[in-house]
Amino acid sequence: AVRRPAAAPPARRGRVLLVRAVRAAPGLETRGVQSLQPDGSMRVDFYEEWAVPPADAMEADLRQWLADSGLFQAVLAPGSRLSPDLIAEPELLAFWADLPSGCARCALSIVLLDQRQASTGVLMQRTFAAAVPLTATDAPAIVESLRAALTDVLRQIEAALSAV
């Protein structure tokens, strides 16, 4: 879990945001910690696994981060009966240790749709990425660097949504 350092109260007259399920790009649906090897191959460590697939965890992290940002009146999960003003459709594009460059990489793309108009309009379509230096190449160090990269990506997403 990655959490925002401080939670702000919800915006009283803010917009309502629906965050859809985070789709995982091909190869990223696995639970094993992944690392890009110097020969260009991707190693999946089946003995070091995430508790849940990373995309599923990121969905909860993204929703909670944005709820804690104070930008929205409410941040919804799919299945809510409340009508959203905005819909975020995220996709996980990268989440691995890049051993040749010595960093952990995380990338999420977001399509933000405006539901307030008579017809749905795209407000934003953007990829947010971060690379955080690895302190070591063992699984616990890789996981900490990946969490830091995800935190950076969530900060970027919050900043971009505050400008919309």
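First, a word on scope: everything that follows refers to the structure included in this document. As the structure is a computational prediction, the values presented were derived from the model and not from experiment. (Residues numbered from 1 in each chain as written. Predicted model: local features only at pLDDT ≥ 70, side-chain atom pairs only at ≥ 80, totals over all residues. Heavy atoms only, no water.)

**Quick word on the overall build of the protein chain**
When helices and strands are tallied, the protein chain shows 2 helices and 8 strands. In sequence order, the protein chain lays out its α and β elements as β-β-β-β-α-β-β-β-β-α. Its C-alpha atoms give the protein chain a radius of gyration of 17 Å, near enough to 15 Å, the size a compact globule of 164 residues would have. The principal-axis extent of the C-alpha atoms belonging to the protein chain is close to 50 × 30 × 25 Å. Put simply, the protein chain has 164 residues, and 45% of those count as buried. (Helix = DSSP H or I, 4+ residues; strand = E, 2+ residues; numbered from the N terminus. Rg over C-alpha atoms; globule rule 2.2 N^0.38 Å. Buried < 20%, exposed > 50% of the residue type's maximum accessible area, 1.4 Å probe, protein only.)

**Brief notes about helix 1 (residues 54-68)**
Here helix 1 spans 21 Å end to end across 15 residues, near enough to the 21 Å set by a 1.5 Å rise per residue. Within the sequence span of helix 1, burial applies to Pro54, Ala55, Met58, Glu59, Asp61, Leu62, Arg63, Trp65, Leu66 and Asp68. As for helix 1, its buried residues are in contact with strand 1 (15-19), strand 2 (23-24), strand 5 (72-76), strand 6 (86-98), strand 7 (103-114) and helix 2 (139-162). A positive phi of about 80° marks Gly70, the residue just after helix 1. (Expected span 1.5 Å × (residues − 1). Contact = heavy atoms within 4.5 Å.)

**Re empty space enclosed by the protein**
In the structure shown here, the tally under the stated rule is 1 cavity of 30 Å³ or more. As for the largest cavity, its lining consists of Leu28, Thr30, Gly32, Val33, Gln34, Trp50, Pro54, Leu92, Phe95 and Leu146. Contributions of two or more residues to the lining of the largest cavity are made by strand 3 (32-36) and strand 6. For the lining of the largest cavity, the element with the highest residue contribution is strand 3, accounting for 3 residues. Here the lining of the largest cavity is built from residues that sort into 7 nonpolar, 3 polar and no charged. (1 Å grid on protein atoms, 1.4 Å probe; cavity = no way out; pocket = protein on both sides within 12 Å on 5 of 7 lines; lining within 4 Å. Points joined across faces, edges and corners; volume = space filled by probe spheres on them. Nonpolar A, V, L, I, M, F, W, Y, C, P; charged D, E, K, R; others polar.)

**Side note on the nonpolar core**
The tendency in soluble globular proteins is for nonpolar side chains to be buried as a group. Counting residues in hydrophobic clusters, the biggest one holds 42 residues, and the most contacted among them are Leu17, Leu66, Leu92, Phe95, Leu108, Leu150 and Ile157. Secondary structure elements with two or more residues in this core: strand 1, helix 1, strand 5, strand 6, strand 7, strand 8 (121-133) and helix 2. Looking at which element gives the most residues to this core, the answer is helix 2, with 9 residues. In contact with Ile157, not counting residues within four places along its chain, are Leu62, Leu66, Leu108, Ile110 and Phe128. Membership of the second largest hydrophobic core comes to 6 residues, among which are Val16, Leu18, Val111 and Leu113. (Core = buried A, V, L, I, M, F, W, Y, C linked by side-chain atoms within 4.5 Å.)

**Things to note about the side chain of Ser109**
On the secondary structure map, Ser109 appears in strand 7. With relative accessibility at 15%, the residue Ser109 sits in the buried group. When residues no more than four places from it in sequence are discounted, the contact partners of Ser109 are Glu89, Pro90, Glu91, Leu93, Arg126 and Thr127.

**Points about the side chain of Arg15**
Along the chain, Arg15 turns up in strand 1. No salt bridge forms around the buried Arg15; measuring N to O, its nearest opposite-charge neighbour Asp85 is 6.3 Å away. Leaving out residues up to four positions away in the same chain, Arg15 has contacts with Phe72, Gln73, Ala74, Asp85, Leu86, Arg116, Leu161 and Val164. (Lys, Arg positive; Asp, Glu negative; His and termini not counted. Salt bridge = Lys/Arg side-chain N within 4 Å of Asp/Glu carboxyl O.)

**What about the layout of surface pockets?**
Of the pockets and cavities examined, the largest pocket occupies roughly 170 Å³. Lining the largest pocket, in full, are Ala1, Val2, Trp50, Ala51, Val52, Pro54, Ala57, Met58, Asp61, Phe95, Arg147 and Leu150. Contributing elements (two or more residues each) for the lining of the largest pocket: helix 1 and helix 2. Per element, the largest residue contribution to the lining of the largest pocket is 4 residues, and it comes from helix 1. Each residue belonging to the lining of the largest pocket can be placed in one class, and the counts come to 10 nonpolar, no polar and 2 charged.

The analysis is restricted to geometry; functional conclusions fall outside its scope.
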